[in-house]
Amino acid sequence: MFPVFLGEPVSPEMLATTLAELDVTLQLLEDKFLQNKAFLIGPHVSLADLVAITELMHPVGAGCQVFEGRPKLAAWYRRVEAAVGEDLFREAHEVILKAKDSPPADPTIKQKLMPAVLAMIR
């Protein structure tokens, strides 16, 4: 999300590495945490589900289709959304889902954030 927010391009190598790491993380989430359960901790939605889904909405907001080709994860997403309520779920993620369509940060803010952002993504 930082490149989207700052209006900075991402190198193809960095993007490929990041997407590969995301894929590994999604597989781990499915295999070790979700397994064959309805939710991460059991039969009911929990704080763990809410935190995890919020983290996954960041790449979704950047245009990454994290649930595509992952039927187990997509079904879990739909269960979490249903448990929260579709309207509330959309409202909670509205800002992040619109991030890719927003203009880059103000140049003053960008200048202040850039050193920290670059340190994190290198």
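What counts and how
- Residues numbered from 1 in each chain as written.
- Predicted model: local features only at pLDDT ≥ 70, side-chain atom pairs only at ≥ 80, totals over all residues.
- Heavy atoms only, no water.
- Core = buried A, V, L, I, M, F, W, Y, C linked by side-chain atoms within 4.5 Å.
- Buried < 20%, exposed > 50% of the residue type's maximum accessible area, 1.4 Å probe, protein only.
- Helix = DSSP H or I, 4+ residues; strand = E, 2+ residues; numbered from the N terminus.
- Patch = residues over 30% accessible without salt bridge, like charges linked within 9 Å, V, L, I, M, F, W, Y side chains within 5 Å.
- Areas by Shrake-Rupley, 256 points an atom, 1.4 Å probe, with all protein chains shown as cover.
- Salt bridge = Lys/Arg side-chain N within 4 Å of Asp/Glu carboxyl O.
- Axes fitted to C-alpha atoms, helices over the stretch in contact; angles between N-to-C directions.
- Parallel < 35°, antiparallel > 145°, perpendicular 65-115°, else oblique.
- Left-handed = near helix turned anticlockwise from the far one by under 90°.
- Contact = heavy atoms within 4.5 Å.
- Nonpolar A, V, L, I, M, F, W, Y, C, P; charged D, E, K, R; others polar.
- Expected span 1.5 Å × (residues − 1).

Chemist: What exactly am I supposed to notice about the nonpolar core here?
Modeler: The biggest cluster of nonpolar side chains holds 19 residues, and the ones touching the most others in it are I53, F67, L73 and W76. Of all elements in the fold, only α2 (12-34), α3 (47-61), α4 (71-84) and α5 (86-97) reach the threshold of two or more residues within this core. No other element matches the 5 residues that α4 contributes to this core.

Chemist: Just checking my understanding: could you explain a nonpolar patch on the surface for this structure?
Modeler: On the surface, V10, M14, L15 and L19 cluster together to form a nonpolar patch covering roughly 300 Å² of accessible area. With respect to the helices and strands, the residue M14 is situated in helix α2. Classification of M14 by relative accessible area gives partly exposed; the value is 31%.

Chemist: Even after reading the chapter, I still don't get the packing of α3 against α5, so can you show me in this structure?
Modeler: As a packed pair, α3 and α5 sit with axes 9 Å apart at the nearest point and diverge in direction by 45°. Classified by the interaxial angle, the pair formed by α3 and α5 is oblique. Handedness of the crossing formed by α3 with α5: right-handed. Contacts from I53, T54, M57, H58, V60 and G61 in α3 reach F89, H93, I96 and L97 in α5. A per-class count over the contact of α3 with α5 returns 6 nonpolar, 4 polar and no charged.

Chemist: Hey, could you run me through α3 in this one?
Modeler: At 3.6 residues per turn, the α-helix brings residues three or four places apart onto the same side. For α3, spanning 15 residues, the distance from its first C-alpha to its last is 21 Å, which sits close to the expected 21 Å at 1.5 Å a residue. Within α3, the full set of buried residues consists of D49, A52, I53, L56, M57, P59 and G61. Next to the buried residues of α3 lie α2, α4 and α5. The first or second residue beyond α3 is G63, which carries a positive phi of 100°.

Chemist: Just to check I follow, could you spell out unusual backbone geometry for this structure?
Modeler: Comment: phi is negative for the bulk of residues other than glycine, and the bulk of peptide bonds are trans. Despite not being glycine, Q35 has its phi angle at roughly 50°, a positive value. Tracing the backbone shows Q35 in the loop between α2 and α3. Look at Q35 and you get partly exposed, because its relative accessible area is 37%.

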